[in-house]
Structures are given as C-alpha cells and as structure tokens.
Amino acid sequence: MRRKWWAWALAGVVALPSLLVGALFAVPMIFGWAWLKDPLSTQLGDRLGYAVAIDGDLDIDLGRIVTLRVSGLRLGNPEWAHRPEMAQIERLVVELAPLDLLRGRLRLPRIELTGADIELERAADGRQNWQANPAADAVAPEERGDLPVIERIDIKQSRVVYRDAASGFGIEAEAASVEGEAKADQPHLEIKGTGTVDDRPFTFAIVGGSILALRDNDEPYPVTVTADLGDTHLEGKGTMTEPLRARGVDVELSLKGGSVRQLFAALGMTAPETPPYAIKGRLRKEGEVWSFADATGTIGSSDIAGWVKVDATRARQHLTADLASRSLDFYDLGPILGLPPGLAEGQPATEEQRRAAARLKASPRVLPNAPLDIERLAKFDADVRFRAQAVKNIPVPISPVDLTVDLKQSVLKLAPFRFGFSGGTANAAVVIDARSRPVRTSYDVKMSDMSLDQLMARLGLKDVASGRVRARIKLEGAGDTVRESLATSNGTVGLAMGGGAISQLAMEAAGLDIAETLAFLGRKEKTVQVRCMVTSFAVQKGVMDARAIVLDTTDTVLTGRGAISLRNETLDLELMADPKDWSPLSVRTPIELKGTFKSPKPGIKPGAAVARGAAAVALGAILTPLASVLAFIDPGTGEDTNCGALLNATPAQ
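Here the structure is a predicted model, which is why all the values come from computation and not from measurement.

**Considerations on helix α4 (residues 351-362)**
Point 1. Between its first and last C-alpha, α4 extends 16 Å over 12 residues, near the 16 Å set by a 1.5 Å rise per residue.
Point 2. Of the surrounding elements, those touching the buried residues of α4 are α7 (482-487).

Laid out in structure tokens, this is it:
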C-alpha cells in the first residue's frame, strides 16, 4: 500500500533535523572543532566591534550541558588605545544548558576564566575601548532580569588594568579571584585582588549578594567593600540599583589615612598634604555624578563636616564642595602654604610627614618649598568653600575663616579669603596660573583695623604698644613653590598706623637715653603718643628695599633703611632713633637687624662707639636685651615728621 504524500513529507521533516544533528556530531568527530574558530571569531568581532582571534584550541563537549573550551583568545583594541589587544585570555570555559533555551532563558552553570590580561581605557574625549561598536550596546541587557542565569563564576590568575586619561585615574589589579554561586540566601559573589594605584600598593575585597540577586530588578543589590591604598583604609556597606553599570550607588562609607592628598591622587586629582584624617559619610552615584554627603570627621586636630561632589559628565571632571570646621587647629592650615604636618609638637602626622618636618626644621630656610602638582591640577576643575568658626593653637589672634577656592582650566584662585586678624579684618586674593611654566602667582593681602594691643599681648609684650594698624602686601612672582615665587617677586609691601601709643621706656631705650631709661625703672610704666608709623618696601626680583621706615612719637623719631631678601631669606636693616628731648646721657648709634628669617640677629652697628659699650655689661643684669645699646651718648635732635604726607604716601592706604 502506497503511503500518502504527507506521510513522506512528515518523515522528511522529522528526519532532516535528525540528519543535521547527526552531521553536527559527526563533523567534529571526524574533523574536530578547529573549522569553527574563524567563523566564530568573525561573528563575535562583528557583534562586538573589535577584532577577535582564537590562537589556541577550540573544543565543544555536547550533551545535556554543553561545555565550550577556548585557549589563546584575543580581543582587539581601537587604534587610539595603548596596545593592540584589549584582552588576552589563556583559557575560557563556558557551560551552557541548551534545553533552557527552549524555555526562553539563558542558563550558564559555570564560567571559568584563567590567565586573563585585560586593559580597559577611557580616552580624554570620553571614548571607551570596550565600546568600540555602538551597536554592541543593543545586545547588552537593559534590565537586571535579562541577565543570563550564571550559577558559578571562577576567575583565577588574572590581571585587570583601568586607565582614565580624562581624570588621570588608574588602577592595576593582579591575582584577582572572583567566586560566586547561585544561592539566594548567601552572599557568595566575592571579588578580591591586589595591585597598584598611583604607584602605591592596593588591595581590595568586594562582597555582594548572590549571583541570582543580580537578576532581581525589584531589590537593590547589597554590596560590602573594603580597600587599602598605602596607609589609606576604606570600608563601605550599602546597595546598588544597577550593579552592572555601577549606578544607583548608596553606601555608608568610612575613610581614614595619612593624608587627603593620597586619596585625591588615586582619583586623578590633587589636594594639599594634610595630617592624618578619619571621615565618614554617605557615598552616592546618580548618573555620572558621585557625591559624598553628611560627611563628618577630623583632619589632624581639626573637626570637619560638609559634602563633596564629583561630576564626570563634563569634558573635565568638576569637583564642588562645601566644608566647615567648628574648631580649626592653626597648624593644620600649614599644608595650604606648602608646610608639612608635624611641625608643631604633638601635631598628628605620619612618619613620612615627620621626616619632612624634621628636614624643614634642620634647614636654614623657613619659606615652604613644596611644589604644586601641575599635571593633576590641569585635569579637573573645582569650586570649594571652606569656613572655620574658630582657630586654635595660634601665636597671633585669628577669628573666623572664610575661604573660596576656584579652579578653572589650570588657574587656581583662593579668593575671597577672609579672616579676622588681631581684632581687625584681612582680605586676601591669591591667583596661581599654572597654564605656563614656571607657574605665575599673584598675592594681594589687605589687612585693616588690626589691634596692636592684642597682637603684642599675644606675643607676651602686654602694655608695650597700642593702636590700629593697616597693611597691604601686593606681589607677583614665578615659580612652582611659595619659596620660588617669592624669590622672584615684584611689588609693594606697606604698613601704617596713625595715632596710638607705645611704652616710653621702650622709646627712651631705642633713643639710647640712659638717664631717662633709668628714671623709669622701678615705677609704673608710662606711654608716649604715636603720631604715625609708616613702613614701605619696594620689591624687585625678590628683594624688599625700604622706601620708608618711620615711627614718629611725641618723644622720639625712629627711622630706618636697608633691605629684606625674600630670595635668600636674609635681613639687612638699620634703625636710627632721634630723641626729641635733651639728655646728658643719650647717643645716636644705629641699631642693626641682620641674620636670616630663621635666625635674626639684632645688634649695634660696629664703629667707634661700640668700643665704649662696656658700661652696658653692668646694666645688662637689670635691663632688657636692648640695654646693650644704652651706653652711647649724644644730644637729641629729632624733629616732628609730616605724618599726613607719610600716611598718604604709604601703599597701605
């Protein structure tokens, strides 16, 4: 009996897949799987957007679980990248459950990666080497639930490098291991590794929820992070709403280390060297904007609070911050000027910082010489405001501080920079232009209504002088450190005071009047009125030449001349006092101020009168160190100076 045509057709439909499956099994049994390497490489390369090559073996075990084994796998790089290959993998093993494909899901019981060498790069213009083909995004899962079901991951003996040319951030992790199992009730996804960041040793450990939890769109993915970079330690615990894209980060984070500078360097930015710190706060990421809010902690002996944001959506990373301190330790401000922590006894500092402080103390120089990090300064912009309610441990009285820092295109401005100083106010503007080398820096500091009473009392000279002082410093120089910029600076320095009072004993001593000075000993201190005080220096190439040094009182006129070298940090000043009253025991002999900023040496100008100074030896036991000038005699010839003209001429006006 003849079969119906459809029966033959049905038999053919059934037989054809069987023949194909049989052929699929027969071909590799006869020829192996090597024939599949080129078409598979081509197909993957077209989908991913970069060259794919299999230099080693390709083997596939068919069965209820299909196992793919590849050795010598290479993934190419775009032309702009540092090296030809983005990744080189010694061995890749992927297990696939084919029957699950019939249910519409991709299940991978195991992925094993051994000997991987992967370099990920982000160019300065934002291009990423792992996204060479924009169409490749189309195959990436949009939702966490679209992820394959991965039951186990093993990554061994591998190395991953990440470089961000825009920010300068880089990380190299070696000997990384990733292990995970699909157990929803246990946090089994674990990533550990060691490496270097900014040439410093780096270790990290990330513990997440189970691999199955990665596919849960409804619940944030839990994550715990610990890391050590040099002496910086980080601990964080929180969640991520999009763990595959590192988005929706919400982590309670604590940080501590030897210097904030080290932390910023790891992020491709720069900051002043600081004493050891400990800070905690809430780290979030929304889009490409990172924020660290509700931050509290300490830097050195100062408390700190506020927030910091880093916006990576711009062509240049942009940092904004608002920070405040209730009690700022004066010595913690030193790093802003380039001074190392640890200069003060008992100030918190690392061993490295203490060694730097010891070198500075042993040096004959006092101006700071720490260079700016010009390379990193060029990689980001910043807007920062810092305020301090009170300043402690300070030799001169300073009240609340308000500082704004603006960094745009390698031009750093510290302005406005306001603080109370000795009962008055100070307004400073410092502009550092790092667009050319050497760096050019301008300083403009205005100080007004300063109380001479408060300043002298804080220096241990209570009731010696009183009055209100104003001053101005306006300089511009070139150099990568404070020392270098001041050593090449040009400009003007001036100080003035109209009115006030000064100890009569001090003026008689300065006027070299033994008779009146001895008359004041043993009775209550008296003062003389100050008509005016003016000091003015013209600065050229780091040398301050005195244009005017005048202190005019009702008792004495004190004048001066000479120079101060910012270049060599030396003093060469000469002061002359002319008493306005006649005395049988007065003398006009110049007083010198020589030496260095670190070791000033006051004394009498050598000359014939110095030989008669033996009388000062007897007086030295009961008089101040100024007594060494009291043995010289000359009648007073000082006249009143034109204070109005002097005050109008001084640059402190």
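Here the narrative resumes, following the displayed structure.
**Quick word on the side chain of Ser-451**
Point 1. Within the secondary structure, Ser-451 is located in strand β23 (residues 440-451).
Point 2. Residue classification places Ser-451 among the buried residues on the basis of a relative accessible area of 5%.
Point 3. Those residues within four positions of Ser-451 in sequence are excluded, and the remaining contacts are Ser-422, Gly-467 and Arg-468.

**Notes on the environment of Glu-90**
Point 1. Within the secondary structure layout, Glu-90 lies in strand β4 (residues 85-96).
Point 2. For Glu-90, a relative accessible area of 54% translates into the label exposed.
Point 3. Separated by 23 residues in the primary sequence, Glu-90 and Leu-113 have C-alpha atoms spaced 8.1 Å apart.
Point 4. Excluding residues that lie within four positions of it along the chain, Glu-90 makes contacts with Val-70, Ser-71, Gly-72, Thr-114 and Gly-115.

**Things to note about the pattern of salt bridges**
Point 1. Taken as a whole and assessed by the stated rule, the structure comprises 38 salt bridges.
Point 2. The residue Glu-112 makes a salt bridge to Arg-91 at a minimum N-O spacing of 3.7 Å. Of this pair, Glu-112 sits in strand β6 (residues 110-122) while Arg-91 sits in strand β4, placing them 21 residues apart in sequence.
Point 3. On the accessibility criterion, Glu-112 (18% relative accessible area) is buried.
Point 4. Residue class for Arg-91 comes out partly exposed when judged on its relative accessible area of 36%.
Point 5. Across the salt bridge formed by Arg-282 and Asp-250, the nearest N and O atoms sit 2.8 Å from each other. Within this pair, whereas Arg-282 is found in strand β15 (residues 277-286), its partner Asp-250 is found in strand β14 (residues 247-257), the two being separated by 32 residues in sequence.
Point 6. Connected via shared salt-bridge partners are Arg-83, Asp-117, Glu-119, Arg-159 and Arg-163.

**What about the packing of aromatic side chains?**
Point 1. Following the criterion strictly, the structure yields four aromatic pairs and no others.
Point 2. Summarising the aromatic geometry, the rings of Trp-33 and Trp-35 are spaced 6.4 Å apart at their centres and angled 20° between planes, so their arrangement reads as stacked.
Point 3. Judged by its relative accessible area of 10%, Trp-33 is buried.
Point 4. Ring geometry for Phe-330 against Tyr-331: centres 5.5 Å apart, planes inclined by 75°, an arrangement best described as edge-to-face.
Point 5. Phe-330 gets classed as partly exposed once you look at its relative accessible area, which sits at 26%.

**A short note on the pairing of strand β25 (residues 468-478)**
Point 1. Two elements, β23 and β25, share 10 bridges in a ladder whose sense is antiparallel. Looking at β25, one finds that Asp-444 is bridged to Lys-474.
Point 2. Here seven bridges tie β25 to strand β26 (residues 490-498), and the two strands are oriented antiparallel to one another. Across the sheet, Glu-476 pairs through a bridge with Asn-490, a residue of β26.

**Notes on the pairing of β6**
Point 1. Bridge count for β4 against β6 is eight bridges, and the pairing is antiparallel. When the sheet's bridge partners are listed, Val-93 is paired in β6 with Glu-112.
Point 2. The pairing of β6 with strand β8 (residues 152-164) spans 10 bridges and is classified as parallel. If you follow Glu-112 over to β8, its bridge partner there is Asp-154.

**A closer look at unusual backbone geometry**
Point 1. Pro-416 follows Ala-415 through a cis peptide bond whose omega is -5°.
Point 2. Position of Pro-416 relative to the elements: it lies in strand β21 (residues 411-421).
Point 3. The step from Arg-437 to Pro-438 runs through a cis peptide bond, and the omega angle for that step is -5°.
Point 4. With a phi close to 50°, Gln-409 is a non-glycine residue in the positive phi region.
Point 5. As for its position among the elements, Gln-409 is in the loop between β20 (398-408) and β21.
Point 6. Under the relative-accessibility criterion, Gln-409 is labelled partly exposed at 48%.
Point 7. Unusually for a residue other than glycine, Glu-569 sits at a positive phi of about 60°.
Point 8. Along the chain, Glu-569 turns up in the loop between β30 (556-565) and β31 (570-579).

**Let's talk about helix α2 (residues 37-48)**
Residues that lie three or four places apart on an α-helix share one face, since the helix turns once every 3.6 residues.
Point 1. Spanning 12 residues, α2 covers 16 Å between terminal C-alpha atoms, matching the ideal 16 Å at 1.5 Å per step.
Point 2. Check the buried side of α2 and you find it contacts β1 (52-54) and β2 (58-61).

Rules behind the numbers
- Residues numbered from 1 in each chain as written.
- Predicted model: local features only at pLDDT ≥ 70, side-chain atom pairs only at ≥ 80, totals over all residues.
- Heavy atoms only, no water.
- Helix = DSSP H or I, 4+ residues; strand = E, 2+ residues; numbered from the N terminus.
- Expected span 1.5 Å × (residues − 1).
- Contact = heavy atoms within 4.5 Å.
- Buried < 20%, exposed > 50% of the residue type's maximum accessible area, 1.4 Å probe, protein only.
- Salt bridge = Lys/Arg side-chain N within 4 Å of Asp/Glu carboxyl O.
- Phe/Tyr/Trp six-rings, centres within 6.5 Å; stacked < 30°, edge-to-face > 60°.
- Pairing = 2+ DSSP bridges.

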